[in-house]
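Commentary on secondary and tertiary structure
Each chain is listed here by its residues.
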Amino acid sequence: MNSATLSALSSFPDALERVFGEVPETSLRWVPPSWDGIPSEQFTVLEQVCHVRDIEIDGYHVRIRRMVEETNPVLADIESYELAAERQYADANPREALATFRAARLETVKTIAGLTDAQLARTGSFGSYGSLTLKGLIHFLCSHDQQHLAGLQWLLGKMSTPSS
């Protein structure tokens with residue numbers, strides 16, 4: 001796998017925690033007056049962190065394993081808002097969520113770093129992405145990371161904007 005991609009995946013937990021650290025504890029569950037323009041799912045700061053954690057474990061860990069082990073798997077989408085309600089993201093411990101995500105991402109990076117070119121070329125199908133390779137799936141994971149960093153920055157921007 002490309003070293004830039006592995007580096008981006010490896011450094012994401014630090015980037016996530018840095019941005020998360022800018023949010024006052026009292027604003028972890030803050031909801032903007034409007035979600036118009038958010039570049040990620042409509043989740044509070046705390047919910048963003050829980051979502052990233054669960055998509056890593058229940059989404060990408062499973063998807064990567066299936067792409068390696070199965071022939072042309074059809075990978076399932078995860079209904080993010082249903083999962084958030086089911087797992088009560090709003091009541092989660094943010095430090096535990098971040099620590100669990102960090103450990104899960106380390107496992108992801110170890111797995112990806114050990115993949116061969118033949119494994120990276122394996123194909124499957126994934127929701128609206130359609131047909132893809134395992135390498136493509138990994139790039140979508142990187143994109144997902146950036147989407148949620150942007151969502152956190154967007155929330156910080158909204159928090160910093162005086163109400164009209």
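Not measured: the values here are computed from a predicted model.

**Quick word on the UniProt feature "domain: DinB-like" (unreviewed entry) in the protein**
The UniProt feature table records "domain: DinB-like" (unreviewed entry) at residues 11-150. Segment residues 11-150 splits into 60% helix and 7% strand. End C-alpha atoms: 15 Å apart.

**A word on the packing of aromatic side chains**
The full count for this structure, using the stated rule, is six aromatic pairs. Considering the side-chain rings of Phe12 and Phe101, the 5.7 Å spacing of their centres and the 90° angle between planes classify their relative orientation as edge-to-face. Of this pair, Phe12 sits in helix 1 (residues 3-21) while Phe101 sits in helix 4 (residues 94-113); the two residues are 89 residues apart in sequence, bridging distant segments of the chain. With respect to burial, Phe12 and Phe101 carry one shared label: buried. These aromatic residues form a ring-pair network of at least three members: Phe43, Tyr81 and Tyr89. The ring of Tyr60 has Arg63 sitting right over it, with the charged end atom 4.9 Å from the ring centre.

**Let's talk about helix 1**
The periodicity of an α-helix, 3.6 residues per turn, causes residues three or four positions apart to be oriented the same way. Between its first and last C-alpha atoms helix 1 spans 27 Å; for 19 residues at 1.5 Å apiece the expected length is 27 Å, and the two agree. For helix 1, the set of buried residues is Thr5, Leu6, Leu9, Phe12, Pro13, Ala15, Leu16, Val19 and Phe20. The elements touched by buried residues of helix 1 are helix 2 (45-69), helix 4 and helix 6 (134-159).

**A closer look at the pairing of strand 2 (residues 123-126)**
The alternating pattern of strand 2 places Gly124 and Phe126 on a buried face and Thr123 and Ser125 on a face that is not buried. The pairing of strand 1 (residues 74-75) with strand 2 spans two bridges and is classified as parallel. Counted as the bridge partner of Leu75 is Phe126 from strand 2. Looking at chain direction, strand 2 and strand 3 (residues 130-133) are connected through four bridges and run antiparallel. Bridging from a neighbouring strand, Thr123 pairs with Thr133 of strand 3. In textbook terms, the turn of a hairpin is the stretch between consecutive antiparallel strands, and for strand 2 and strand 3 this stretch comprises three residues, one of which, Gly127, has a positive phi near 40°.

The rules we used
- Residues numbered from 1 in each chain as written.
- Predicted model: local features only at pLDDT ≥ 70, side-chain atom pairs only at ≥ 80, totals over all residues.
- Heavy atoms only, no water.
- UniProt positions renumbered as here; feature names shortened; annotations may be inferred.
- Helix = DSSP H or I, 4+ residues; strand = E, 2+ residues; numbered from the N terminus.
- Phe/Tyr/Trp six-rings, centres within 6.5 Å; stacked < 30°, edge-to-face > 60°.
- Buried < 20%, exposed > 50% of the residue type's maximum accessible area, 1.4 Å probe, protein only.
- Lys NZ or Arg CZ within 6 Å of the ring centre and 35° of its normal.
- Expected span 1.5 Å × (residues − 1).
- Contact = heavy atoms within 4.5 Å.
- Pairing = 2+ DSSP bridges.

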